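One-letter residues, chain by chain:
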Amino acid sequence: MAEREEKGAPGVFTDTHAHLALVAERLGRHAAEAMLGRYAAAVPAAAPFIVDIGVNPGDLAPRLAAFGGYPFVRFAAGLWPGRESLGNPGAALAALAADLASPRCSALGECGLDYHHMEAPERDQIGLFEAQAAMAVSVGLPLLVHSRDAFADTLAVACGAAKKIPVVIHCFGYGAREAAAFLERGCYLSFAGNLTYKKSEGLREALAAAPLDRILFETDSPYMNPMPRRGEPSTSLDLGRTMAAAAEIKGMPLEELAAAAQANALRIFSEKRT
């Protein structure tokens, strides 16, 4: 997998949002294991890790079976606002509660609102999101939020939770004004490969203005491959190109930015439940 790296963005970095089962599905199990092997071989002092994300009820068990043997993989469980969960939200939330009881679960997510794909009415999505935000607060886990074309409603739910637990707006997709609103209410912003896309000037402005102690980086793999591989399936090894672009935007060395993002990730994602 070394060939996936770009000159100028070597090494591995903490990826706070990846879908490892989908990476294995898109690229093959061997490719996924090779990528994970690169993380396993990373310098221990750097301690990069990957957060494997849940989207459907009861999906934690198969992910633990597939990737739980890797000590640097941490897990989240959540309900994406789609038909899989909203067909029977009560049952979905019960399955989620069972997953959150696992000592390997470090966060609740992803959850949130998607008014672009619109697989369910707004009121149903908001209800499911509110229930998960309350659940995250009750168990003391970070909340990982998906938000697409739903800024105002996302902010309304997220700001309440952010007073009590870390709230991460994953794959941040808005502009500087929206970023300021989320930051003002205590949220973290996580930037993905779309930061490098030609029409993402708003994202770059948001990152430039965001304080170092409130930003994270992710791949959302196998999606959002940064330039010049946009459209290809991504893995956590592609994060280096996003990080290199972010360092240029922030006007700072890549190593310094990576250290700040790593400190933020370690502060948010506990390795073990207490």
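Before reading further, recall that the structure is shown in the block above.
Read on for an overview of the structure. Predicted model, so just to flag it, every value in this text is computed and none were measured.

Scanning the entire structure with this criterion turns up seven salt bridges. Residue Asp52 is joined to Arg63 by a salt bridge in which the shortest nitrogen-to-oxygen separation is 2.8 Å. Placement of the pair is Asp52 in strand 2 (residues 50–52) and Arg63 in helix 3 (residues 60–67), with a sequence separation of 11 residues. Among the residues examined, Arg63 registers a relative accessible area of 6% and is labelled buried. What you see here is one network of salt bridges that share partners, running through Asp52, Asp59 and Arg63.

Within the secondary structure, Arg241 sits in helix 10 (residues 239–250). Assessed through its relative accessible area of 8%, Arg241 is described here as buried. At a separation of 2.9 Å, a polar atom in the side chain of Arg241 contacts the main-chain carbonyl oxygen of Pro226.

On to the sheet that holds strand 8 (residues 215–217). Strand order in this open sheet of eight strands is 1-2-3-4-5-6-7-8, and the pairing throughout is parallel. Only two strands of the sheet have a single neighbouring strand rather than two, namely strand 1 (15–18) and strand 8. Here the average twist between neighbouring strands, direction ignored, is 30°. Sheet analysis places strand 2 next to strand 3 (residues 73–77), joined by three bridges and oriented parallel. Across the sheet, residue Ile50 finds its bridge partner in strand 3, namely Val73.

Reading the values: the criteria
- Residues numbered from 1 in each chain as written.
- Predicted model: local features only at pLDDT ≥ 70, side-chain atom pairs only at ≥ 80, totals over all residues.
- Heavy atoms only, no water.
- Salt bridge = Lys/Arg side-chain N within 4 Å of Asp/Glu carboxyl O.
- Helix = DSSP H or I, 4+ residues; strand = E, 2+ residues; numbered from the N terminus.
- Buried < 20%, exposed > 50% of the residue type's maximum accessible area, 1.4 Å probe, protein only.
- Polar contact = N/O pair within 3.5 Å; in protein donor to acceptor, adjacent residues only side chain to side chain.
- Pairing = 2+ DSSP bridges.
- Axes fitted to C-alpha atoms, helices over the stretch in contact; angles between N-to-C directions.

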